[in-house]
Amino acid sequence: MAVLRGKRILFDIDGTLIDSTATVEQSWRTWAKEYGVDYEEVLKVCHGRRTEDTVARFVGPHDLVAATARQLALQELADFDGVLELPGARRLLDALPHSLWAAVTSGPRSLMAARLAAAGLPAPKLLIGAEDVSNGKPNPESYLKAAAALGVEAHECLVVEDAPAGVGAGRAAGAQVLAVTTTHRAAELADADVVVTDLSCVSVKVSDGDIDLLITESV
């Protein structure tokens, strides 16, 4: 059994706690067709990154990027079909005191909160979203900001992620990282401290101000 120990847990949302793949990919497919962009190339980079950062790779100038990001967010806010809890997510969150975890996402706060609700998962006390940072993942800004808001150093945190950009952000912040292979292959997540299939093989123990993630089966 592997054990990761920290004082707070910072969870990504899409692909980590919930599965919204169908909704996300349909939105990007529609956008790619409208702007004449190669959809398969978009899929290679969109997971785990802010919408505006992905859009900026394919279209210019800044005002178009911002408008397009808003358009995609509104599109996704209108579609929660197929948004589901990923295995083990609810059990893990229910076992954690509310003050000991936060959500750190590349999506807009309103959209991510709505997706958590649609999946029947509890709302975090602290949610750091795309609009809260100047630099999206893999930059560590979002994780550094979350740790500071929780009153701890980033190296005292455990980050739970599903995408290479998120794993990179957690590592750059100095945190230990647990990765799930829900959206990417294990080889793409090799920078994480531990890689698992999903959260069904992870349990939590809280004692004396420390949180232990107990991992029964790693990849």
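The rules behind each value
Residues numbered from 1 in each chain as written. Predicted model: local features only at pLDDT ≥ 70, side-chain atom pairs only at ≥ 80, totals over all residues. Heavy atoms only, no water. Pairing = 2+ DSSP bridges. Helix = DSSP H or I, 4+ residues; strand = E, 2+ residues; numbered from the N terminus. Core = buried A, V, L, I, M, F, W, Y, C linked by side-chain atoms within 4.5 Å. Buried < 20%, exposed > 50% of the residue type's maximum accessible area, 1.4 Å probe, protein only. Contact = heavy atoms within 4.5 Å. Axes fitted to C-alpha atoms, helices over the stretch in contact; angles between N-to-C directions. Phe/Tyr/Trp six-rings, centres within 6.5 Å; stacked < 30°, edge-to-face > 60°. Parallel < 35°, antiparallel > 145°, perpendicular 65-115°, else oblique. Left-handed = near helix turned anticlockwise from the far one by under 90°. Nonpolar A, V, L, I, M, F, W, Y, C, P; charged D, E, K, R; others polar.

The protein goes by Beta-phosphoglucomutase or related phosphatase, HAD superfamily in an unreviewed UniProt entry, where it is assigned to Mycobacterium rhizamassiliense.

Draft legend 1. Spotlight on the sheet that holds strand β8 (residues 176–180). Here we have six strands laid out as an open sheet, ordered β6-β5-β2-β7-β8-β9, and parallel in their pairing. Both outer strands of the open sheet, β6 (127–128) and β9 (194–196), are each paired with one neighbouring strand and no more. Direction of pairing for strand β5 (residues 101–104) relative to β6: parallel, over a ladder of two bridges. Within β6, the residue paired with Val 104 across the bridge is Ile 128.

Draft legend 2. Broad picture of the nonpolar core. Residues Ile 9, Phe 11, Leu 17, Leu 178, Leu 199, Val 202 and Leu 213 are the most contacted members of the largest nonpolar core, which totals 33 residues. Apart from the residues within four sequence positions on either side, Leu 178 is in contact with Leu 4, Val 159, Val 160, Glu 161, Val 194, Val 196, Leu 199, Val 202, Leu 213 and Ile 215.

Draft legend 3. Geometry of the sheet that holds strand β10 (residues 202–207). One open sheet accounts for three strands, arranged β1-β11-β10; its pairing is antiparallel. Edge strands, defined here as strands with exactly one partner in the open sheet, are β1 (2–6) and β10. Ignoring which end each strand starts from, the neighbouring axes of this sheet average 20° apart. By the bridge criterion, six bridges tie β10 to strand β11 (residues 210–215) in an arrangement that is antiparallel.

Draft legend 4. Structural view of the packing of aromatic side chains. Under the defined criterion, the tally for this structure stands at four aromatic pairs. On the basis of an interplanar angle of 85° and a centroid distance of 5.3 Å, the ring pair of Trp 28 and Trp 31 is categorised as edge-to-face. One end of the pair, Trp 28, and the other, Trp 31, are both in helix α1 (residues 21–35), three residues apart, so they sit about a helical turn from each other. A residue is classified by how much of its surface remains accessible, and Trp 28, at 3% relative accessible area, is buried. Ring geometry for Trp 31 against Phe 58: centres 6.4 Å apart, planes inclined by 70°, an arrangement best described as edge-to-face.

Draft legend 5. Here's a closer look at unusual backbone geometry. The omega torsion across Lys 137 and Pro 138 is 15°, close enough to zero to call that bond cis. The residue Pro 138 is located in the loop between β6 and α7 (141–149) in this model. A positive phi is found at Asp 208, a non-glycine position, where the angle reads about 50°. Relative to the elements of secondary structure, Asp 208 occurs in the loop between β10 and β11. For Asp 208, a relative accessible area of 79% gives the class exposed.

Draft legend 6. Expanded view of the packing of helix α2 (residues 39–46) against helix α3 (residues 51–58). For the pair α2 and α3, the least separation of the axes is 10 Å and the interaxial angle reads 140°. It follows from the interaxial angle that α2 and α3 lie oblique. The element α2 and its partner α3 pack so that their crossing is right-handed. Where α2 abuts α3, its residues Glu 41, Val 42, Val 45 and Cys 46 lie against Thr 54, Arg 57 and Phe 58. Class assignment for the residues of the contact of α2 with α3 results in four nonpolar, one polar and two charged.

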